[in-house]
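Geometric and topological summary
Given next are the chains, with one letter for each unit.
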Amino acid sequence: MADPQLIEWLRQLRGVEREFFDFRGQHHRVSDDSLEGILAAFGHDLDDDQAILDAGRELAEKEWRRVLPPAAVIRPSRDSRIAITVLRPLLPTVIWRLRLEAGGEITGETSLPGLPVLEERSLGGLHFARLSLSLPEDVPTGYHRLQIEKTDGHAIGECRLIVVPERCFEPESLSRGDRLWGLAVQLYSVRSNRNWGVGDFSDLVTLIRKSAAMGMDVIGLNPLHALFPADPHLNSPYSPASRRFLNPVYLDPENVPEFHRSRPARKLVAGDEFQARLATLRSRDRVDYAGVTEAKEQVFRLLFRTLMKDGDGERQHVFRQFVEKGGKPLKYICIFYCLHEHFGSGRRSGGWQSWPLAYHDPDSEAVREFAGRHRERVRYHMYLQWLAHEQLAAAEDAAREAGMKIGVYRDLAVGVNGSGPEAWADRELYTPRASIGAPPDPLALQGQDWGMPPMRPDVLRERAYQPFIDLLRGNMGTGGALRIDHVMMLYRLWWVAAGRPPGEGTYVYYDLDALMGILALESQRHRCLVIGEDLGTVPEAIRHAMDDFGIYSYRVFYFEHDEQGAPRRPASYPERALVTVSTHDLPPLASFWRSSDIELRGRLGLYPDEQTRADTVSFRRRQQESILEALRDTGLYAVADSGEEDAGRPVSPALAEAIQVYLASSRARMMVVQPEDWLLMEDPVNVPGTSDEHANWQRKLTVNLDAWLESDETRRLAGRISAARKTVPAH
C-alpha cells in the first residue's frame, strides 16, 4: 500500500482532481483505487514508495532546473511578461534574443538584479530565483524562438514563444450583428439519385449551392475524420481512427479526374451489374458501410493505377507534394490501414493490440519491412487521403463562390479510438491505461466511458503544444467554422482508469490559457470561427474563457429554460452563440414531441429503474406544456382546444415550424436546423450509451436531396426562418 501522503503529493503535481461536484451539486471524493489508477496512467510505479518519491521530486524540480519552459504563451494585449528561472548569485546582465517566425529577430539586454522576483527555492545546495521578464508589447503574433544568453553569447535557455491574439476570428458579418443560419447535416445520411449509398462531397456541393440560394450562410457537418475502412462497423464519427485525416467513404469516385482518364473504371461503373449494385445501396434506409466501401474500393484501385502509370504529370506532382507535406503522420495512418487489412482478413479484427507484438511499434523493423513489401498499397491509401482533401476543399470553395458568409463548419471530435493509428503511433501522448468520458449526468446516470485514450497534458507541454497545433490545422481547412466537441477538454477531461466503472473517474487538468491562446491564433490564421460545444457539466472557468476569447457557445433549445422551467425567451439568448433545436445525441423534434425517444431508451434498458423512466415522462410532459405556452405568448402558434398537441401524439407540421421560427427569432447570431426536423423524422442518429444495440450513425434521410430542397414547403419554411433571422428580437 503506497504512502497516502506521497500519493496526494503526486496527485497535486499531476493536476488530478481529488473531489468534485456532480450535476446535482452533490460532493464526491475520488476513491484511492481510482486515483491510483489515474496516476498509473501517467506511467508511475505505485508499488514502491521510493519510486513515487523520486518521480515526485523530478516533477517538482523540473521547472526550477531549466531557465525556460518548452513553450511560453503570451497575449501581449494583456501581459507580455514571461517567467525565467536562474541561479543565484544572479548574472549582472543577460541578452534575450527573439527569432521571429517570419524571419528577422528582436534582441534586448536585461539586468537580472532589476527584475521582479516571483519565487525562490533551494535545491541540492543550489539557490534558484524565478524572475519576471518583460518582452516588447508589439511582438507580432506567431510561433517564435526565444533564447536567453550570457553577454558572451553562450545560450543558457531557449523556448518556443507563442504570441497569441486577443480573440478568435469572427466574420465581419457576425461582428456587425448579422444573425445567420443554415443546416446541420450528417453527411453520410444524405440521399441522392447519384451517390453510391452514402452522402458524399458532391452531395455537399449541391447542398451548399441550393441552401445558399435560399438565404443560408452555413452548412454544419458531422466529423469527417478518418475511420477504419477494413472494419466498416466502426462507423462512429466521434470515435475516429485519426482526427488529422479524412474519411474516404465521402469521396465521389465519378468526380475524380482519373475517372475520366480510366476506361476500365468507366466501363465497370457503367455495367448493368454494378449499376444494380449501386441502386441497391441507394435504396437502403441505413448506410451499408461495408457495401459502399467495397464498391468504391473496386473503382479507386483502377483510378490509382491510372494516376501511377499514365496519369497527368501535373497531378502526379501535386500528389507527391501532398505526400511530402503529410510526412510521418500520413505515412503512419496509411501503413496502419495496410496492417489492419492484413491482420483483419475481412473480419472484425480489433485494433493494433491484437497484432503480433513486433508490429506494436510503428518504427519497428517488422513494420518497416511490411511497409516496404506493401509500398503500392500504402501509396494507394495516401491517394485516397489526397482525393478527400481535394474534394472537401472544392466544397469549401463552392461555399465561398455561392456567397455564404461562413460556409462549411466542421466538427472536431474529443478524442481518437484507442485501437487506431494515432494511438498506435504515439503511445507517449495517448496513454493506453485510461480512457476519457463524462461523470454521471441526466442522460447517463452511471457516467460515460467513451473508450478513447486521453492526451497527456504533460506530454503536450513538453512538445510545445505541437500535437494540438497540428490537430487544429488539420481541421480548420480553408476557413468557415470549427465546432469543438466537448470544449471542456481544453480545461479538464474526465479520465477513467482502465478496468474502473465510468462513474469512478476523476478530472485531469490541462493548461487552459495556453490551449485557448493557440486556438485563437490558429483561428485567426485560418479565418475560422470557433464554436465550443459546452453542454453537460461546464465549469465556470470554461464559460469565462469562451467569452474572453470570443468562442461561440452552443445552445440547444431542449436545454434552454429559465428558473421556472419555461423555455428561454428569444431575446434572452446570448448573442455569441449558435442555437439549434436538437443535436446528433438527442431526439429529433418529432421524436421529442411524441416521446418515442423515451420509449426507445426504455426498450434498450437505458433507465436504471422504472421510476426514473416515469419521472422522465412527467418532466417531458411539463416541458411540452411550457413550450406550447411560450409559443402562444409570442403569437407563433395557437394551441388547439382539442388537445391535438398532447404528448404521445405526432407533432404537427405547424407546431414543428413554430418551434423553429421561435428559435430563429433569438438574439443568437447563428442558428442551424436539422433536416430531420423539416422532414418530421423520429429515428435518432445516435442513442448515447449504446453500440450494437441500436443502429447508430447509419440512418439515412427519408427524402432525396433534390426533392427535399426543391419542394415548395422547404422553400416556404426557409423563407420564414430567413425573415425571422433578419428581424430584430424584441427585448
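Coordinates for the structure precede this section.
Let me sum up the structure you'll find in this document. This is a predicted model, so every value here is computed, not measured.

1. Brief notes about the overall build of the chain
The helix and strand tally for the chain stands at 24 helices and 24 strands. Relative to the 2.2 N^0.38 estimate, which gives 27 Å for 731 residues, the radius of gyration of the chain is 27 Å and therefore close to what a compact globule would have. In terms of principal-axis extent, the alpha carbons of the chain reach across some 85 × 70 × 55 Å. Taking all 731 residues of the chain together, 56% fall into the buried category. In the chain, of all internal contacts separated by at least 6 residues, the share reaching a separation of at least 24 is 73%. Summed over its atoms, the accessible surface of the chain is roughly 30,600 Å², and 48% of this surface lies on carbon and sulfur atoms. Charged side chains in the chain number 90 positive and 105 negative. The centres of these two groups are separated by 4 Å.

2. Quick look at the sheet that holds strand β19 (residues 492-497)
Taken in spatial order, the four strands make up an open sheet running β17-β16-β19-β20, and their pairing is antiparallel. Every other strand in the sheet has two partners, leaving β17 (448-452) and β20 (506-509) as the edge strands with one partner each. Across the sheet, the mean angle separating the axes of adjacent strands is 50° when strand polarity is ignored. Note: β19 against β20, four bridges, orientation antiparallel. Its bridge partner lying in β20, L493 is registered against V508. In this fold helix α2 (residues 32-41) packs onto β16 (434-438), β19 and β20, with an angle of close to 105° to the strand it touches most, β19.

3. Let's talk about a negative patch on the surface
Together, D45, D47, D48, D49, D54 and E58 line one region of the surface with negative charge. For D54, the position within the fold is in helix α3 (residues 49-62). Since its relative accessible area comes to 39%, D54 is described here as partly exposed.

4. Some thoughts on the side chain of S595
Along the polypeptide, S595 turns up in the loop between α18 (589-594) and α19 (596-603). Owing to a relative accessible area of 11%, S595 belongs among the buried residues under this scheme. Those residues in contact with S595, other than ones at most four positions away along the chain, are R620 and Q624.

5. Details of helix α8 (residues 272-283)
Between its terminal C-alpha atoms α8 stretches 16 Å, which fits the 16 Å expected from twelve residues at 1.5 Å a residue. Taken as a whole, α8 has its buried residues at F274, L278, L281 and R282. Down the axis of α8, the buried side of the element spans an arc of 100°, and every buried residue falls inside it. Pointing more than 90 degrees away from the buried face of α8 are the exposed residues D272 and E273.

6. Details of the packing of aromatic side chains
Per the stated rule, a full pass over the model turns up 26 aromatic pairs. Aromatic pair W196 and F274: ring centres 5.4 Å apart, planes at 70°, arrangement edge-to-face. Within this pair, whereas W196 is found in the loop between β11 (180-185) and α5 (201-213), its partner F274 is found in helix α8, the two being separated by 78 residues in sequence. Residues F336 and W424 carry aromatic rings whose centres are separated by 5.8 Å and whose planes lie at 55° to one another, so their mutual orientation is tilted.

7. Thoughts on the nonpolar core
Grouped together as the largest cluster of nonpolar side chains are 202 residues, with contacts concentrated most on Y383, W495 and W678. With 13 residues, helix α10 (residues 313-344) is the largest single contributor of residues to this core. One finds I84, V94, L115 and V139 within the second-largest nonpolar core, a separate group that totals 24 residues.

8. Focus: the sheet that holds strand β24 (residues 670-673)
Note on sheets: strands pair through backbone hydrogen bonds, and any given pair is parallel or antiparallel. Pairing within the closed barrel is parallel, and its eight strands lie in the order β11-β12-β15-β18-β21-β22-β23-β24. Ignoring which end each strand starts from, the neighbouring axes of this sheet average 30° apart. Two elements, strand β21 (residues 528-532) and strand β22 (residues 552-556), share two bridges in a ladder whose sense is parallel. The partner of I531 across the bridge, within β22, is Y552. Packing of helix α21 (residues 653-664) onto the sheet brings it into contact with β23 (577-580) and β24, and relative to β24 it is tilted by some 160°. Against the sheet, helix α24 (residues 712-726) engages β11 and β24, with an angle of about 135° to β11.

9. Details of the pairing of β16
Where burial is concerned, most of β16 is hidden: five out of the five residues are buried. Taking every second residue as pointing to the same face, both faces of β16 are buried, with A434, I436 and A438 on one and S435 and G437 on the other. Of the strand pairs in this sheet, β16 and β19 are connected by four bridges, and their pairing is antiparallel. The residue bridging S435 from the neighbouring strand is V496, located in β19. Where β16 meets β17, three bridges bridge the pair, whose relative direction is antiparallel. When the sheet's bridge partners are listed, A438 is paired in β17 with Q448.

10. Notes on the pattern of salt bridges
Applying the stated criterion across every chain, the model contains 67 salt bridges. One salt bridge in this structure joins R473 and E522, with 3.2 Å as the shortest N-O distance. One end of the pair, R473, is in helix α15 (residues 466-473); the other, E522, is in helix α16 (residues 512-526), with 49 residues separating them in the sequence. Judged by its relative accessible area of 35%, R473 is partly exposed. Among the charged side chains, a salt-bridge network with shared partners connects K62, E63, R66, R461 and E462.

11. Structural notes on the pairing of β23
Each regular strand displays side chains that alternate between the two surfaces of the sheet. Side chains A577 and V579 project from β23 onto one buried face, and the interleaved L578 and T580 project onto a second face that is buried too. As defined by bridge partners, β23 adjoins β24 across two bridges and the pair is classed as parallel. Looking at the pairing, L578 lines up with M670 of β24.

12. Description of the packing of α8 against helix α9 (residues 289-310)
Relative to each other, α8 and α9 sit at 150°, their axes nearing to 10 Å. In terms of orientation, α8 and α9 fall into the roughly antiparallel class. Of the two elements, α8 crosses α9, and the hand of that crossing is left-handed. Along the contact surface, α8 presents F274, R277 and L281, while α9 presents G291, V292, E294, A295, Q298 and V299. Tallied by class, the residues present in the contact of α8 with α9 amount to five nonpolar, two polar and two charged.

13. Observations regarding the packing of α10 against helix α11 (residues 365-373)
One can describe the packing of α10 onto α11 by two numbers: an axis separation of 10 Å at closest approach and a directional angle of 90°. As judged from the angle between their axes, α10 and α11 are roughly perpendicular. Contacts between α10 and α11 involve I335, C338, L339 and H342 from the former and V367, F370 and A371 from the latter. Partitioning the contact of α10 with α11 into residue classes produces six nonpolar, one polar and no charged.

Each value, and the rule that gives it
- Residues numbered from 1 in each chain as written.
- Predicted model: local features only at pLDDT ≥ 70, side-chain atom pairs only at ≥ 80, totals over all residues.
- Heavy atoms only, no water.
- Helix = DSSP H or I, 4+ residues; strand = E, 2+ residues; numbered from the N terminus.
- Rg over C-alpha atoms; globule rule 2.2 N^0.38 Å.
- Buried < 20%, exposed > 50% of the residue type's maximum accessible area, 1.4 Å probe, protein only.
- Contact = heavy atoms within 4.5 Å.
- Areas by Shrake-Rupley, 256 points an atom, 1.4 Å probe, with all protein chains shown as cover.
- Lys, Arg positive; Asp, Glu negative; His and termini not counted.
- Charge placed at Lys NZ, Arg CZ, Asp CG, Glu CD.
- Pairing = 2+ DSSP bridges.
- Axes fitted to C-alpha atoms, helices over the stretch in contact; angles between N-to-C directions.
- Patch = residues over 30% accessible without salt bridge, like charges linked within 9 Å, V, L, I, M, F, W, Y side chains within 5 Å.
- Salt bridge = Lys/Arg side-chain N within 4 Å of Asp/Glu carboxyl O.
- Expected span 1.5 Å × (residues − 1).
- Arc of directions from axis to C-beta.
- Phe/Tyr/Trp six-rings, centres within 6.5 Å; stacked < 30°, edge-to-face > 60°.
- Core = buried A, V, L, I, M, F, W, Y, C linked by side-chain atoms within 4.5 Å.
- Parallel < 35°, antiparallel > 145°, perpendicular 65-115°, else oblique.
- Left-handed = near helix turned anticlockwise from the far one by under 90°.
- Nonpolar A, V, L, I, M, F, W, Y, C, P; charged D, E, K, R; others polar.

Read these as layout, nothing more, since geometry by itself doesn't imply function.
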